[in-house]
Amino acid sequence: MGRRIVFLGPPGAGKGTQAERLARAIGVPHISTGVMLRQNVADGTDLGLEAQAIMAAGELVPDDLVVAMVDERLGQDDAACGFLLDGFPRTLAQAEALDAVIGEGTMEIAVLLEADEDELVRRLMQRAVDEGRDDDNEDTIRNRLRVYRQETEPLVGYYPEHGVPVLPVDGLGTIDDVFARIVAVLAEH
Ligand code: ADP
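Structure report, in brief. (Residues numbered from 1 in each chain as written. Predicted model: local features only at pLDDT ≥ 70, side-chain atom pairs only at ≥ 80, totals over all residues. Heavy atoms only, no water.)

Let us now look at the packing of helix α2 (residues 33-43) against helix α4 (residues 63-74). Where α2 contacts α4, the two axes come as close as 11 Å, and the packing angle between them is 105°. It follows from the interaxial angle that α2 and α4 lie roughly perpendicular. Side by side, α2 and α4 meet where Thr33, Met36, Leu37 and Asn40 of the first sit next to Val66, Met69, Val70 and Arg73 of the second. Residues belonging to the contact of α2 with α4 are distributed by class as follows: 5 nonpolar, 2 polar and 1 charged. (Axes fitted to C-alpha atoms, helices over the stretch in contact; angles between N-to-C directions. Helix = DSSP H or I, 4+ residues; strand = E, 2+ residues; numbered from the N terminus. Parallel < 35°, antiparallel > 145°, perpendicular 65-115°, else oblique. Contact = heavy atoms within 4.5 Å. Nonpolar A, V, L, I, M, F, W, Y, C, P; charged D, E, K, R; others polar.)

Once that is clear, we can look at the site of the ligand. Around the ligand lies a shell of 19 residues, among which Thr33, Glu59, Arg90, Arg127 and Arg144 are the nearest. Contacts to the ligand include Arg133, whose side-chain N or O atom sits 3.4 Å from an oxygen atom. With respect to the ligand, the side chain of Arg144 contributes an N or O atom lying 2.7 Å from an oxygen atom. Burial of the ligand by the surrounding chains reaches 95%, relative to a free accessible area of 540 Å². Residue classes in the shell around the ligand are distributed as 7 nonpolar, 4 polar and 8 charged. (Near = heavy atom within 4 Å. Polar contact = N/O pair within 3.5 Å; in protein donor to acceptor, adjacent residues only side chain to side chain. Areas by Shrake-Rupley, 256 points an atom, 1.4 Å probe, with all protein chains shown as cover.)

Here you go:
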């Protein structure tokens, strides 16, 4: 079955950076729904066309579309020996759909990357400048944080109730500092 890890945390907490690095370190695929969706938008697929405006507004792409995309990805050979999920699940319905695919309680661990709201907004505004993502303007950022609190934060309660430990990690500091904290909490489990 291999290692099965999910990264939770608000937009701007640094999930993408840390998840990519950890996935490489432990040799499992980094599966990021944000990356996959942006690729669909860039490629102009049917899914991309449907997702584009939703993402630009900071709303969530409908569960059935995202679940189908992840289901397909998890069926590929490289995911047979573990995976690291980033940006998915993002709703309780997605978590339940995932459990139906991989088996309830078979996720090994959830890493919850945390940072306070001011720091999140600061980082997302900076990313708007650096990367030019069209969902990184202030209104959309506020909306994404609101959507996170409402839709995604309940997963922090869901996983322990389903036998999956949630390990909080402070996302403040350098990339190396945060990575070292993640490695340390994983080593204890
Ligand atoms: P961030 O971590 O900064 O929020 P992501 O790259 O994870 O950014 O996601 C960007 C956008 O893609 C989200 O705001 C949302 O519109 C869409 N998206 C990504 N993952 C999901 C998901 N699991 N369910 C629904 N929408 C998603």
